[in-house]
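Spelled out from the first residue to the last, the chains are:
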Amino acid sequence: MKKKYKAFLFDYDGTIIDTNKLIVDSWNHMYKEYCGGHLEEEDVTWTFGIPLRECIDQVMHIKGHSGYDLDALVNSYRSFQASALAPEAALFDGVKQTLIALKEKGALLGIVTSRVQKSLIEGLKKHGICDLFGSIVCAETTP
């Protein structure tokens, strides 16, 4: 018997849009600006999916930093990512067509992400897929 799903929930980063390089570059911009160093990809890829404030705090502790201004680090990361978002992040092949096909078949679509809403909405609008999602859950939407 074939199941028919009525709703689909997606993550944003690394699922709908290829942001892996952008995320690593954002980390390195922030880290260089405040710590004068460089992070390897494996230093940060384990943080993917964790809310930004929490993972920055964890990485800074792991790297032996203390007394840092967490708000300044978050702002540095986010401002770099916002300025680099347009050229860096692209939809994965076939994503837009798949989302449109699901919507045309009557499926309900939603996104659940640890990304902040402003950044998410900008990215969805940039790629012309914002109106496809009826439900959006972001970092500030829920604890």
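Residues numbered from 1 in each chain as written. Predicted model: local features only at pLDDT ≥ 70, side-chain atom pairs only at ≥ 80, totals over all residues. Heavy atoms only, no water.

### Structural notes on the overall build of the chain
Note the following rule: Comment: elements are numbered from the N terminus, with helices defined as DSSP H or I runs of at least four residues and strands as E runs of at least two. Working definition: with a 1.4 Å probe on protein chains only, accessible area under 20% of the residue-type maximum means buried, over 50% means exposed, and in between means partly exposed. We call two residues in contact whenever any of their non-hydrogen atoms come within 4.5 Å of each other. We get accessible surface area from the Shrake-Rupley algorithm with a probe of 1.4 Å; when it comes to residues, only the shown protein chains can shield them. Positive charges come from Lys and Arg, negative ones from Asp and Glu, while His and the chain ends are left out of the count. By convention, the charge on Lys lies at NZ, on Arg at CZ, on Asp at CG and on Glu at CD.
A tally of regular secondary structure across the chain gives six helices and five strands. Reading the chain from its N end, one meets helices and strands in the order β-β-α-α-α-α-β-α-β-α-β. With the principal axes as the frame, the chain shows a C-alpha extent of 55 × 30 × 25 Å. A burial count over the chain gives 38% of its 143 residues as buried. A separation threshold of at least 6 residues defines the contact pool for the chain, and within that pool the share at least 24 residues apart is 69%. Carbon and sulfur atoms form 53% of the exposed surface of the chain, whose accessible area is close to 8,600 Å². Averaging the locations of the 16 positively and 19 negatively charged side chains of the chain gives two centres separated by 12 Å.

### Regarding helix α3 (residues 52-62)
Just so we agree on the cut-off: Directions from the helix axis toward the C-beta atoms define the arc.
Every buried residue of α3 is accounted for by L52, C55, I56, V59 and M60. Buried residues of α3 fall within an arc of 135° about the axis and therefore sit on the same side. Of the exposed residues in α3, those oriented more than 90 degrees away from the buried face are H61 and I62. Following α3 by one or two positions, G64 has its phi on the positive side, about 85°.

### Observations regarding a positive patch on the surface
Spelled out, the test is: Patches here: salt-bridge-free residues with over 30% relative accessible area, like charges joined within 9 Å, nonpolar side chains (Val, Leu, Ile, Met, Phe, Trp, Tyr) joined within 5 Å. By salt bridge we mean one thing: a side-chain nitrogen of Lys or Arg within 4 Å of a carboxyl oxygen of Asp or Glu.
A contiguous patch of positive charge on the surface is contributed by K2, K4, K6 and K105. If you trace the backbone, K2 turns up in the segment before β1 (7-10).

### Here's the deal with the side chain of T113
The cut-off we apply is this: Any N or O atom pair separated by 3.5 Å or less is treated as a polar contact, with the protein-specific requirement of one donor-capable and one acceptor-capable atom, and with residues adjacent in sequence counted only for side-chain atom pairs.
Counting through the fold element by element, T113 comes out in the loop between β4 (108-112) and α6 (117-126). For T113, the side chain forms a polar contact with the main-chain nitrogen of R115, separated by 3.0 Å. For T113, the residues in contact, after removing those within four places along its chain, are D11, Y12, D13, L120, V137, C138 and A139.

### Topic: the nonpolar core
Let me state the cut-off plainly: In these notes, a set of buried Ala, Val, Leu, Ile, Met, Phe, Trp, Tyr and Cys residues joined through side-chain atoms within 4.5 Å is what counts as a nonpolar core.
Grouped together as the largest cluster of nonpolar side chains are 20 residues, with contacts concentrated most on I16, L99, L109, L124 and F133. Of all the secondary structure elements, the ones that give two or more residues to this core are α5 (95-104), β4 and α6. Beyond its immediate sequence surroundings of up to four residues, I16 is in contact with F10, D11, L91, F92, V95, I111, I129 and F133. If you look at the next biggest cluster of nonpolar residues, it comprises 16 residues, including W27, L39, I56 and L70.

### Re the pattern of salt bridges
A side chain with one charge can pair with a side chain of the opposite charge if their charged atoms come near. The full count for this structure, using the stated rule, is five salt bridges. With its nearest N and O atoms 2.7 Å apart, the salt bridge here joins D25 to K21. Separated by four residues within a single helix, D25 and K21 lie in helix α1 (residues 20-35), roughly one turn from each other.

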